[in-house]
2 protein chains.
Amino acid sequence: MPAPIEFFFDFASPYAYFAAHRIDAIAAKHGREVEWRPFMLGAAFKATGMMPLTEQPLRGDYARRDWDRLARRMNLPFVLPERFPIVTLAAARAFYWLADRDRPLANAFALRMFQAYFGAGRDVTAPEAVAAEGATLGIPATELVAATADPVWKAKLKEATDEALRRGAFGSPFTFVDGEPFWGNDRLDMVDDWLSAGGW
Amino acid sequence: MPAPIEFFFDFASPYAYFAAHRIDAIAAKHGREVEWRPFMLGAAFKATGMMPLTEQPLRGDYARRDWDRLARRMNLPFVLPERFPIVTLAAARAFYWLADRDRPLANAFALRMFQAYFGAGRDVTAPEAVAAEGATLGIPATELVAATADPVWKAKLKEATDEALRRGAFGSPFTFVDGEPFWGNDRLDMVDDWLSAGGW
């Protein structure tokens, strides 16, 4: 069984929202699994001196237009939430808690979080807001809220963030195929080609 | 006859080097011409507060790896020149001088400049170095050097740069299809799709 594709992302990343709807299918084409790995993009921004796209002159206007264009092309709903970006600590910690007991459910939860924030524009900063989304998948809200404050899952998220930075993940999404790094949603076609060719 | 595709680029942009080898073929597929429009990327960097990729932490290492990977994939030579980036005023002014008299020759010259700098690693900052490349295409060196100091072509380049910024071109390459902006070499497939679909 080949190694899983590592999909690093932040739940507040619009490009990760689009990529999250494609990565599993691309991997499956090549008999690969995807290991979803939320991390804190803010830590990468500190390391690179970057700011959220919407706060960057010229780039922000382009990004807004590009997100709407990608949504139309992929037939996905997309709204730029009133509060953007947000700190996604609660969602990411809840994800690692879930992944430890039920990885498929954790992946479904991740997609649900993206759909809540960028599909419906709901603020999912608070643990209770994350729990409300999880409840639609049958995830017990009280346990989920508790997990977002549990040192075990706090540490797990910090490890993932430190590892992402150590491996050069400066943006979201950031995909590794057998160690080869691919930055961005618009490199998923190259990920597909790379998997077909076995690299080049 | 539909409007030409506008291809804004800086001669010192590695991603523009790769895109320059594809843009004409993509346009031709759709019965379009390409208007090559060199501009000064440094002016855009001033507007956005960006730095050359090679000077950015994490992003620089990724870019170097990505350029080598793109070169292998496209079967193109690529070297990161010892002096990088360079100010490409002379090449850009010479281009506009040539384009005014012979656009096909100007486009061939543009490709030649890219191949000299990124294919062979030759420093093409100086007007004489630009003229040496032009000479291989039969372009008179003395006239070319004179054009790089001619207020007419200085003004033409400044206009192109001002227009690029006014229209939101914060990077290189930056392609406009009927006013729709596409940033980067890795959006050329989307440019192709956009032309096929007539937008979406």
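Anything mentioned here points back to the structure above.
Residues numbered from 1 in each chain as written. Chains lettered and ligands numbered in written order. Predicted model: local features only at pLDDT ≥ 70, side-chain atom pairs only at ≥ 80, totals over all residues. Heavy atoms only, no water.

A. Up close: the overall build of chain A. A count of helices and strands for chain A gives 10 helices and 4 strands. Its C-alpha atoms give chain A a radius of gyration of 16 Å, within 12% of the compact-globule value 16 Å for 200 residues. With respect to the three principal axes, the spread of C-alpha positions in chain A is 50 × 45 × 35 Å. Per-residue burial over chain A gives 54% buried out of 200 residues. Contacts spanning at least 24 positions in sequence make up 71% of the contacts within chain A whose residues lie at least 6 apart. Within the structure as shown, chain A displays about 8,300 Å² of accessible surface, and the carbon and sulfur contribution to it stands at 54%. For chain A, the distance from the average site of its 23 positive side-chain charges to the average site of its 26 negative ones is 3 Å. (Helix = DSSP H or I, 4+ residues; strand = E, 2+ residues; numbered from the N terminus. Rg over C-alpha atoms; globule rule 2.2 N^0.38 Å. Buried < 20%, exposed > 50% of the residue type's maximum accessible area, 1.4 Å probe, protein only. Contact = heavy atoms within 4.5 Å. Areas by Shrake-Rupley, 256 points an atom, 1.4 Å probe, with all protein chains shown as cover. Lys, Arg positive; Asp, Glu negative; His and termini not counted. Charge placed at Lys NZ, Arg CZ, Asp CG, Glu CD.)

B. Representation of the environment of B:Gly198 within the structure. On the secondary structure map, B:Gly198 appears in the segment after helix H10 (188-197). Taking the C-alpha atoms as reference, B:Gly198 lies 24 Å from B:Ser172; in sequence the two are 26 residues apart.

C. Spotlight on the pairing of strand E3 (residues 174-177) of chain A. Residues and elements named next belong to chain A. Burial along E3 is two-sided: Phe-174 and Phe-176 and Thr-175 and Val-177, pointing in opposite directions, are all buried. Summarising the sheet, strand E1 (residues 5-9) and E3 pair through 3 bridges and their orientation is antiparallel. In the strand pairing of E3, Phe-7 is matched with Thr-175. Relative to strand E4 (residues 180-183), E3 runs antiparallel, the two sharing 4 bridges. Across the sheet, the residue bridging to Thr-175 is Phe-182, located in E4. (Pairing = 2+ DSSP bridges.)

In short, shape yes, function no, at least from these values alone.
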